[in-house]
Amino acid sequence: MIRSWSRSSRVIAGTATAFAVLTACGGGDGASGPAADGKPVTITFWAWQKGSKDVVDAFNASHKDIQVKFEEIPSGNAGGYAKISNAVKAGNAPDLIAVEYPQLPEYVSQGAVQDIGKLVGDDVRQKFLPQAVELTTLGGKNWAVPFDAAPQAFFYRKDLFEKYEVAVPKTWDEYRKAAEKIKAADKKARIGTFFPDDPSTFQAMSWQAGAHWFKAENDTWKVDTTDPATQKVAAYWQGLLDKDLVHNQVSFTPEWVNSLKSGGTVGYVGASWGGGVVKSTLPEQNGKWAVAPIPTWDGKPASGMLGGSTFAVTKDSKQAEAAVTFATWMATTPEGIKARIASGTSSAFPAASELRPVAKSAFDAGFYGGQDIYQVFEDGAASIRPDWTWGPTSGTTTTAIKDRFGKLKSGDATIADGIKAGHDATVAELKKRGLKVEG
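Residues numbered from 1 in each chain as written. Predicted model: local features only at pLDDT ≥ 70, side-chain atom pairs only at ≥ 80, totals over all residues. Heavy atoms only, no water.

A.B. asks: Please clarify how the sheet that holds strand S8 (residues 152–157) should be interpreted in this entry.
C.D. replies: Taken in spatial order, the 3 strands line up as S13-S8-S14 in an open sheet, and their pairing is antiparallel. Edge positions in the sheet fall to strand S13 (267–271) and strand S14 (289–292), since each has one partner strand and no second. Each adjacent strand pair in this sheet contributes to an overall mean axis angle of 25°, direction not counted. When S8 meets S13, the two strands line up antiparallel, connected through 5 bridges. (Pairing = 2+ DSSP bridges. Helix = DSSP H or I, 4+ residues; strand = E, 2+ residues; numbered from the N terminus. Axes fitted to C-alpha atoms, helices over the stretch in contact; angles between N-to-C directions.)

Dropping the structure here:
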């Protein structure tokens with residue numbers, strides 16, 4: 001059990017007053033059953049997570065009453081969330097969508113998703129970590145089916161670390177020294193990458209450092225994306241960029257991939273799901289990669305959560321029951337987990353604790369030299385810092401930070417500018433929505 005989530009999750013679950021505005025506009029009861037004519041109920045599903053199509057194919061092959069039409073969309077912050085929001089506004093959204101934990105409160109606040117509490121029984125809830133259930137419960141209502149958790153991890157080229165005689169860093173100070181040593185050994189090589197387009201990675205590092213961006217107290221949101229812990233993380237990564245010790249590249253682009261392929265990038269600060277990303281992206285580097293715990297500030301285990309997915313039913317869906325049936329199958333059955341993991345592209349870390357051995361056995365760890373990478377994820381999950389709360393304006397916060405981060409390479413902005421912009425935009429948006437805010 002990820003005990004360290006419990007306090008942060010209870011902040012969300014227990015602040016019904018602060019979420020009253022959020023849930024007041026939430027969708028209604030879209031319950032449905034099998035078609036009366038005996039034909040299969042057809043639902044639509046949008047997602048970007050690795051292995052999603054394999055899961056849909058396996059479900060369709062094994063179910064006669066429900067069939068799923070799948071559309072792969074860009075990852076959330078790369079356009080997927082914008083596509084979903086536009087579809088909801090236009091009234092042509094799919095029945096089921098993949099939503100990361102940070103974005104769920106935003107969709108609830110927009111009235112974009114349905115309360116599915118009547119369709120998710122206690123027998124299903126009990127399969128998940130209590131903390132994962134709490135993260136999908138806002139204002140006393142259940143808004144999504146949890147799928148995975150996403151503790152941070154450090155992926156690295158063990159062959160090149162050995163070649164350059166660099167020890168795997170256990171602290172961020174050691175990470176910086178390792179970065180210096182790698183650059184000195186090969187002027188084109190860097191230990192990792194700062195992703196200007198993906199503030200979620202920076203958010204996870206701030207979480208790990210002990211930051212608290214959102215707090216809900218009574219009927220007031222307290223916001224601070226510039227607290228001391230976040231400023232420490234910002235100064236640290238700004239220093240790495242200023243000294244050219246890490247690349248500044250857009251995430252998962254050909255530039256980033258080619259740098260990994262050429263040995264120009266020898267490490268990746270990611271999360272549990274990154275195991276499948278690296279493996280599927282770099283099959284020719286089989287056996288050359290390994291996974292380590294994320295470096296920490298004091299050498300003691302600590303992690304944030306980078307993403308983590310849920311499945312939510314959109315507000316206008318008339319097939320909520322079928323959509324929840326499919327979502328539950330994906331998240332709580334050995335067949336659903338095996339179908340996703342066995343594809344070789346996913347290393348998802350299930351929120352349903354009893355299915356982690358299934359995921360581990362289904363994942364071919366040969367790419368990592370047989371290393372038990374799921375044990376690294378398990379240990380990382382146990383060290384996730386408490387007291388982190390996601391606010392209801394994640395889209396606004398992320399966009400404001402991303403816009404400033406995009407100017408880092410030109411020198412027209414700093415990381416500190418980005419987190420300040422995120423703070424100001426968040427406070428303004430909360431006030432615009434008529435919510436009480438301090439910050």
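On we go from here.
A.B. asks: In this structure, what is going on with the pattern of salt bridges? I would like to understand it.
C.D. replies: Opposite charge on two side chains makes pairing possible when the charged atoms of those side chains draw close. Going through the model one piece at a time under the given rule, you end up with 18 salt bridges. Of the charged contacts, one joins Lys-53 and Asp-57 as a salt bridge, the two residues approaching to 2.9 Å between their closest N and O atoms. Of this pair, Lys-53 and Asp-57 are both found in helix H3 (residues 52–62), 4 residues apart, which corresponds to roughly one turn of the helix. Residue Glu-217 pairs with Lys-222 through a salt bridge whose shortest N-O separation is 2.8 Å. In this structure, a network of salt bridges that share partners links the residues Asp-173, Arg-176, Lys-177 and Glu-180. (Salt bridge = Lys/Arg side-chain N within 4 Å of Asp/Glu carboxyl O.)

A.B. asks: Quick question: what am I supposed to make of empty space enclosed by the protein here?
C.D. replies: Rolling a probe over the atoms, with the probe sized like a water molecule, indicates the empty space that remains. Counted according to the given criterion, the structure contains 3 cavities of 30 Å³ or more. What lines the largest cavity is simply Thr-193, Phe-194, Phe-195, Asp-198, Pro-199, Thr-201, Phe-202, Met-205, Trp-237, Tyr-268, Val-269 and Phe-405. For the lining of the largest cavity, the secondary-structure elements that each account for two or more residues are strand S9 (193–194), helix H10 (199–209) and S13. With 4 residues, H10 is the largest single contributor of residues to the lining of the largest cavity. Counted by class, the lining of the largest cavity contains 9 nonpolar, 2 polar and 1 charged residues. (1 Å grid on protein atoms, 1.4 Å probe; cavity = no way out; pocket = protein on both sides within 12 Å on 5 of 7 lines; lining within 4 Å. Points joined across faces, edges and corners; volume = space filled by probe spheres on them. Nonpolar A, V, L, I, M, F, W, Y, C, P; charged D, E, K, R; others polar.)

A.B. asks: Could you clarify how one ought to interpret the sheet that holds strand S3 (residues 96–100) in this entry?
C.D. replies: In a beta sheet, neighbouring strands are held together by backbone hydrogen bonds and run either parallel or antiparallel to one another. One open sheet holds the 5 strands; their spatial order is S2-S1-S3-S15-S6, and the pairing between them is mixed. The sheet is open, and its two edges are formed by strand S2 (66–72) and strand S6 (145–146), each paired on a single side. The sheet contact formed by S3 and strand S15 (residues 309–313) spans 5 bridges and is antiparallel. Looking at the pairing, Ala-98 lines up with Phe-311 of S15. The sheet strands contacting helix H14 (residues 320–332) are strand S1 (41–47), S2, S3, S6 and S15, and the helix crosses S1 at an angle near 55°. (Contact = heavy atoms within 4.5 Å.)

A.B. asks: Got a minute to help me understand the nonpolar core in this structure?
C.D. replies: Nonpolar side chains in soluble globular proteins tend to be buried together. Residues Tyr-175, Phe-202, Trp-237 and Phe-326 are the most contacted members of the largest nonpolar core, which totals 137 residues. Counting residues per element, this core draws most heavily on H14, at 9 residues. Setting aside its immediate chain neighbours within four residues, Phe-326 contacts Ile-43, Phe-45, Val-55, Val-56, Phe-59, Val-68 and Leu-96. (Core = buried A, V, L, I, M, F, W, Y, C linked by side-chain atoms within 4.5 Å. Buried < 20%, exposed > 50% of the residue type's maximum accessible area, 1.4 Å probe, protein only.)

A.B. asks: Could you clarify how one ought to interpret the side chain of Thr-226 in this entry?
C.D. replies: Mapping Thr-226 onto the fold places it in the loop between strand S11 (220–223) and helix H11 (228–242). Only 2.8 Å separates the side chain of Thr-226 from the side chain of Asp-224, close enough to count as a polar contact. Look past the residues within four positions of Thr-226 in its chain and what remains in contact with it is Gln-231, Ile-419, Lys-420 and His-423. (Polar contact = N/O pair within 3.5 Å; in protein donor to acceptor, adjacent residues only side chain to side chain.)

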